[in-house]
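# Observations on the three-dimensional arrangement
Here's the letter readout for the chains.
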Amino acid sequence: MKNSFEDKFLLGFWGYRSFGEQDTPETVAMWKDAGFNTALSFIYHVDYKPQEMLQMLDLCKENGLKVILYDDRIHCHRLREMSEEMYEKAVLRSVNEFGRHPAAAAFFVSDEPNAATLPLAEKAVRIVQKHSPIPAFVNFYPMWRSKDYVDLMGVPGEKIGELYSEFLKKSGAACIAYDCYSQMDAREPEAGLNGYFDNLNTYHTIAKQAGVPMIPSLLCTGHWAFRQPALTDLRWQLSTAVAHGAKGALWFMLYDNDDGLGSSPIDISNEKQPSYYDLRKANREFMRQAGELVADLELEEVYHYCHSYGGVQCYAEGYDVFLKSFAEKYRDDAVISRFRNRKTGRYWYMFVNASRAAGNQFSFRFDAPYTACSGKKWVEAGGFVFVELKEETK
C-alpha cells in the first residue's frame, strides 16, 4: 500500500456534496483554481453508477488533483448493518471500481468517531487497507480537557495519546487527522487559542511517535461561536499549523449546505462568495512559498514568543541550539520553529508572525557556523518566512 500522505503537503477541504448537486467539470476546475491539490469527492451513494465517480477522478487527474474517495458503501457505519464478510465484499468492489485510479489518494471511512464508533473505524481501516493500494482516512474530534470529553471518548483529554496511538498501531492508519476551530472562537478567544495550540501539540506528539503525518482541519466557514475568518486568519491558520508540524490541512467547509451552518466560500447555489477569493489567495500563496518544501521538513522544536499558548515553551536566548537571539520591531506574538530536512539533513527555521492585525519586522541571529544566515525580515500579518541554515564558506 502506498502512503499517499507522505510525499507532499496535502491541501484539501470538506465538501459534503453528493453527485448531481453541481456540474462536475466546472467544480473540478474550481478546485484547481482555488489552489487545492486534494479534493474530498462528492458522496457516492449505493444507488449511483460508477461512471459518475470515474468521470470526476478522470477530471482530477487531468487537473493534477488527488482525491479522498467518499464511498458511502464502505463508510464504517455500514459495519453496524452488515457482517464483516459483506463489508469486505463491498470494499473489494469499491477498490476494483475506484481504488486503483491514478487520482485516488485514500478512502474516507469515518469522521469524528466517539467511544462507541471508534472500534468500527479501526475495523474499517484494517479491512480497507488489507485490500486497497491506497490508505483509509479517518478524521478525529478535537481534544479538550473537561468531563464532557470523557463522556464522548471514554478517556480524559490527557489520555488521548494512549487512545489514538493504540488505534494507529492496531489499524495501521497512514495519518492522524483531526478538526479544531477554537482558534476562531469569538466568545472566548484566549481559551480558544489555548485549545487550538494544545491540540496541535498533542496530535503532533502522537503523529511523531507513530511515524505518520498530522493533518488538521482548519476553519474557512464561520459558524456557531466561531467567527468568519478573514484573509489574515486563513494565512495565520496555515502558518501556525505548519509551524507545529502539520503535513497537510483540510478546510471546513467549502460549500454551504441545507442546514445553513455558516457562510461558506461556495453558497447553496454554487456561486462563489467573497470568502472564496480570500481562501484562494491564502492557498495559492502558501503553496507557492512553501508547499514543496514543507513536505520534506521534520519538526524538531517549536517556541512561542511574547505569549505562550497550549503549553508551548516561550523562546528565550540560550534555549535553542542554533538561534542565538530573536527580536521584533513591535513586541507581539510570534512562533519560532526549527525543522530538519529529511532529504538534505539541513536545518530550517520558520518564523511566523502570529499577529492577525499587522505586519512586523523580525531580527534573528544564529551562532557559528551559521552566523551568515542572520538577518531581518518584514513578515505580513499571519505570514511566515523560512530560513535555511548554510555553513559559512571561506
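Residues numbered from 1 in each chain as written. Predicted model: local features only at pLDDT ≥ 70, side-chain atom pairs only at ≥ 80, totals over all residues. Heavy atoms only, no water.

### Structural notes on the pattern of salt bridges
For the coordinates displayed, the defined rule picks out 29 salt bridges. Two residues, Glu 88 and Lys 130, come together in a salt bridge whose shortest N-O distance is 2.9 Å. In this pair, Glu 88 is assigned in helix H3 (residues 84-99) and Lys 130 in helix H4 (residues 118-131), connecting sequence segments 42 residues apart. You can call Lys 130 exposed: its relative accessible area is 59%. (Salt bridge = Lys/Arg side-chain N within 4 Å of Asp/Glu carboxyl O. Helix = DSSP H or I, 4+ residues; strand = E, 2+ residues; numbered from the N terminus. Buried < 20%, exposed > 50% of the residue type's maximum accessible area, 1.4 Å probe, protein only.)

### Examining the environment of Gln 237
The residue Gln 237 is located in helix H8 (residues 231-243) in this model. Using a relative accessible area of 0% as the deciding quantity, one classes Gln 237 as buried. In this structure, the C-alpha to C-alpha distance between Gln 237 and Pro 119, residues 118 residues apart in sequence, is 31 Å. In this structure the side chain of Gln 237 is engaged in a polar contact, spanning 2.8 Å, whose partner is the backbone nitrogen of Leu 219. (Polar contact = N/O pair within 3.5 Å; in protein donor to acceptor, adjacent residues only side chain to side chain.)

### Some words on the sheet that holds strand E15 (residues 384-388)
Strand pairing in a sheet is mediated by backbone hydrogen bonds. Such pairs are either parallel or antiparallel. Spatially, the four strands line up as an open sheet ordered E9-E11-E12-E15, and their pairing is antiparallel. Single-partner strands in this sheet number two, and they are strand E9 (297-305) and E15. Adjacent strand axes in the sheet meet at a mean angle of 20° when their direction is disregarded. Bridge analysis of strand E11 (residues 334-341) against strand E12 (residues 347-353) gives seven bridges, and the strand direction is antiparallel. In the strand pairing of E12, Ile 336 is matched with Phe 351. Across the sheet, helix H9 (residues 274-294) touches E9, E11, E12 and E15, and the angle it forms with E15 is around 40°. (Pairing = 2+ DSSP bridges. Axes fitted to C-alpha atoms, helices over the stretch in contact; angles between N-to-C directions. Contact = heavy atoms within 4.5 Å.)

As far as function goes, none of this settles anything; it's purely spatial.
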